[in-house]
Amino acid sequence: MAVVKLDKIVKRYGGGGPVVVEDVDLTIDDGEFMVLLGPSGCGKSTTLRMIAGLESISGGTLSIDGRVVNDVPAKDRDIAMVFQSYALYPHMSVADNLAFGLRRRSIPGGEIERRVKEVAAILGLAPLLARKPSALSGGQRQRVALGRAMVREPQVFLFDEPLSNLDAALRVNTRSEIIKQHHRLGSTMIYVTHDQVEAMTMGTRICVMNAGKVAQIGAPLDVYWQPANTFVARFLGSPPMNLMDATLTAATRRASSPALDAPLARWSDGVLQARDGRKVTLGVRAEDMAIDPAALDGAPGGRVTGRTIAVEPLGAETLLLLELPGGGEITARLPRHVTAAPDQEVELFFRADAAYLFDVETGDAIAPLETGAAAVRAAVQRRTH
Amino acid sequence: MAAFLAAASGRAPLPRLFSRGILALVLGVYTIYQLGPFLWLATMSVRTTAEISADPYAWPSPMHLDQFRTAWVDSDFATYFWNSTMVVVGAVAVLTFIGAAAAHALARYRFRGNRLIYGILFSSIIFPPQITLISLYQILVDYNLYNSLFGLALVYISLQLPLTVYLLEGFFARIPQDLFDAAKMDGYGDLEIFWRIVLPVGMPAIATTLILNFIQLWNEFLFAVVLITDPDKRTLPIGIRAFMGDHFQDIGMIATGVMISVIPVIVVYVFFSEKLIRGMTAGAIK
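In this text, all values refer to a predicted model and were calculated from it rather than measured experimentally.

Asks: Just give me the short version of the overall build of chain A, but keep the residues and values in it.
Replies: In terms of helices and strands, chain A carries ten helices and 19 strands. Based on the C-alpha atoms only, the size of chain A along its principal axes is roughly 75 × 45 × 35 Å. Across chain A, the fraction of contacts at a sequence separation of at least 24, relative to all contacts at a separation of at least 6, is 67%.

Asks: Please set out the overall build of chain B residue by residue, giving values where relevant.
Replies: A count of helical and extended segments in chain B gives 14 helices and zero strands. Secondary structure elements of chain B occur, N-terminal to C-terminal, as α-α-α-α-α-α-α-α-α-α-α-α-α-α. Dimensions along the principal axes, computed over C-alpha positions, put chain B at roughly 80 × 70 × 30 Å. Taken across its 286 residues, chain B has 33% of its residues classed as buried.

Asks: An account of the environment of B:Asp186 is needed here, citing residue identities and associated values.
Replies: When you line up the elements, B:Asp186 lands in the loop between helix H9 (177–185) and helix H10 (190–201). When the 28 C-beta atoms within 10 Å are taken as the criterion, B:Asp186 is described as buried.

Asks: Before we move on, could you go through the interface of chain B and chain A and cite the residues and values that matter?
Replies: Each partner contributes residues to the interface: chain B has 17 residues there, and chain A has 23 residues. Mapped onto the side of chain B that touches chain A, the elements with two or more residues apiece are H9 and H10 of chain B. The element best represented in the side of chain B that touches chain A is H9(B), accounting for six residues. Of the residues that constitute the side of chain B that touches chain A, the class distribution is ten nonpolar, two polar and five charged.

Asks: Residue-level account of the sheet that holds strand E6 (residues 79–82) of chain A, with values.
Replies: Residues and elements named next belong to chain A. Here six strands make up an open sheet; going across it, the order is E6-E7-E8-E3-E9-E10 and the pairing mixed. This sheet does not close on itself; its edge strands, each paired only once, are E6 and strand E10 (213–218). Within this sheet the neighbouring strands show an average axis-to-axis angle of 20°, counted without direction. Across five bridges, the pairing between strand E3 (residues 33–37) and strand E8 (residues 188–193) is parallel. Bridging from a neighbouring strand, Met34 pairs with Ile190 of E8.

Asks: Describe the domain arrangement of chain A, and please don't skip the residues or the numbers.
Replies: Assigned domains within chain A: domain 1 (4–225) and domain 2 (239–381). Between the C-alpha centres of domain 1 of chain A and domain 2 of chain A there is a distance of 38 Å.

Asks: Talk me through the nonpolar core; I want residue IDs and the actual numbers.
Replies: Core analysis: the largest hydrophobic core is formed by 155 residues, its most contacted members being A:Leu158, A:Ile190, A:Cys207, A:Leu282 and B:Leu152. Here the element with the most residues in this core is helix H8 (residues 149–172) of chain B; it accounts for twelve residues. If near-sequence neighbours (up to four positions away) are discounted, B:Leu152 is found in contact with B:Val87, B:Phe223, B:Ala224, B:Leu227 and B:Ile228. Grouped together as the second largest cluster of nonpolar side chains are 13 residues, B:Leu236, B:Ile251, B:Ile254 and B:Ile260 included.

Asks: An account of the sheet that holds strand E2 (residues 19–28) of chain A is needed here, citing residue identities and associated values.
Replies: All names here are of chain A. On the basis of which strands lie adjacent, the open sheet formed by four strands has the order E2-E1-E4-E5 and antiparallel pairing. Edge positions in the sheet fall to E2 and strand E5 (67–68), since each has one partner strand and no second. When strand E1 (residues 4–12) meets strand E4 (residues 59–64), the two strands line up antiparallel, connected through five bridges. Note on E4: the bridge partner recorded for Val4 is Ile64.

About the cut-offs
- Residues numbered from 1 in each chain as written.
- Chains lettered and ligands numbered in written order.
- Predicted model: local features only at pLDDT ≥ 70, side-chain atom pairs only at ≥ 80, totals over all residues.
- Helix = DSSP H or I, 4+ residues; strand = E, 2+ residues; numbered from the N terminus.
- Contact = placed C-beta atoms within 7 Å.
- Buried ≥ 20, exposed ≤ 12 C-beta atoms within 10 Å, placed from the backbone.
- Nonpolar A, V, L, I, M, F, W, Y, C, P; charged D, E, K, R; others polar.
- Pairing = 2+ DSSP bridges.
- Axes fitted to C-alpha atoms, helices over the stretch in contact; angles between N-to-C directions.
- Domains from an automatic or database assignment.
- Core = buried A, V, L, I, M, F, W, Y, C linked by C-beta atoms within 7 Å.

Here it is, written out as structure tokens:
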């Protein structure tokens with residue numbers, strides 16, 4: 001059990017080399033499942049490797065349970081890590097792979113055997129203990145990798161994209177297995193992924209990273225429904241949030257463009273007045289778009305018009321891609337019966353409380369009146385279909 | 001349709017039988033081509049020179065197996081064999097350990113001059129070893145290592161080290177970094193990781209260099225004949241040369257001597273090639 005605290009952590013390669021992680025402030029509470037989420041090259045794996053002790057820290061302070069560990073070797077941090085490639089020792093049996101780390105720590109042979117058998121029983125590896133990694137399937141190897149971390153009973157578990165090499169079905173199973181083990185062990189876990197589904201389903205909190213910096217930290221639904229900036233808004237959600245250029249008019253409390261007209265019910269007069277007549281970015285999630293105005297239940301709503309680029313029937317739903325007159329594309333997630341001809345003009349509707357506003361220059365969200373749990377609750381209960 | 005009917009009746013289709021037959025024929029011819037000289041040598045090793053001169057290709061009758069005893073006892077082959085074993089086994093052991101350690105360092109650690117050292121090592125493979133013969137001779141004389149098995153072993157190590165490092169570095173560089181990181185997380189230091197991870201995982205490459213070095217050095221003649229003059233310190237290739245006079249060559253005893261010298265090479269190859277194959281079929285880690 002441990003609290004991991006990153007205070008202004010920086011990673012720079014070489015003396016004057018590029019900064020790949022910049023001023024990361026992050027506290028992972030005892031027993032928390034923190035997901036570091038971001039695209040390739042955003043610095044999430046480097047951050048994890050600095051926590052592990054596999055990369056040196058160029059600046060800032062890393063502490064575990066109040067003890068600064070910047071210069072503590074990996075082996076003395078009491079951390080276990082599960083790698084994307086599993087990193088099983090190919091010349092050792094499953095049992096030896098599990099016991100390898102314990103042997104180094106001078107744990108008595110009987111205790112090692114007990115722990116290996118216990119973990120093997122929990123993960124269903126008991127019949128495989130004598131096998132070499134080459135004789136295991138991908139899912140079995142991943143369970144051995146997980147077992148190798150569990151058997152050490154460390155303070156902190158680190159996961160570096162552990163499900164990336166598994167097929168879709170195995171990924172779901174192994175995801176459940178890791179969640180189950182987190183509930184069972186109650187340990188602090190830090191999990192790196194670029195997969196938003198993994199982040200949303202596994203994390204107690206998510207730390208979204210972009211270009212070496214923290215873009216937003218929060219509970220999965222908070223981050224999804226209250227994105228701090230356009231990067232988070234686009235990165236979380238599939239299809240990504242639709243972002244449209246508009247001009248704000250404070251007097252009528254509307255954002256509009258040739259294709260778009262949206263009431264701005266969620267922002268204070270002061271916020272709107274400060275941006276009166278200026279360009280803003282208006283965001284609406286694909287699932288908050290409706291093709292039938294009746295879906296708005298009579299509430300004030302916005303509308304956007306575009307020409308059909310593509311219709312993607314997915315079975316349970318249909319994705320409609322539109323091109324806007326002023327340029328740009330938007331996607332709507334609509335009921336499965338919706339169809340549209342190519343290049344047909346289509347009008348879509350959305351509720352006023354489904355709209356987000358972002359600053360055009362910084363990309364930062366313009367805070368609405370209602371934030372926090374209430375806003376998330378309202379968003380979850382919002383229905384457009 | 002023919003293939004379907006053949007499959008249905010449990011027989012291989014005709015084209016496949018034909019291609020297999022061709023393959024077997026080619027392999028058979030190649031095996032005879034390779035094995036023929038060796039078998040001829042084996043027959044000559046149990047015949048006298050007079051018998052060989054009378055009919056070089058005749059079957060040995062009677063078999064003079066006592067030629068092996070004569071070579072081993074009367075012609076000091078036991079001494080030559082022991083000398084070769086001392087020099088080659090010692091040199092190969094040191095080569096394997098130092099070569100693997102150097103290859104691991106070059107493959108795994110970033111340090112200033114890494115590629116420069118690698119380049120210098122690699123460049124020494126390009127030049128023929130004979131160009132170093134005179135300078136090596138002088139160095140060994142200066143350090144009282146001339147006419148010494150230890151000196152010869154040192155020369156062998158320096159001759160084969162670049163190729164050993166070159167071959168092993170290429171293999172070690174392909175061992176995934178995650179394995180090293182996992183071992184670090186498991187609590188192991190650099191030296192233990194080399195011993196417990198790099199050497200076992202790199203065993204196919206190590207076995208390859210071990211076989212290559214052993215065969216190369218066991219048969220090495222040029223440096224041995226220049227740097228060793230004392231009859232008691234001769235290695236096997238120089239010992240065999242003793243049967244070659246200016247006017248008379250004892251072909252039978254030369255063949256016997258060659259057979260004695262070939263046996264360890266075969267043993268080493270058979271033993272380590274099995275390890276090699278086992279290592280190669282161990283499978284990837286992903």
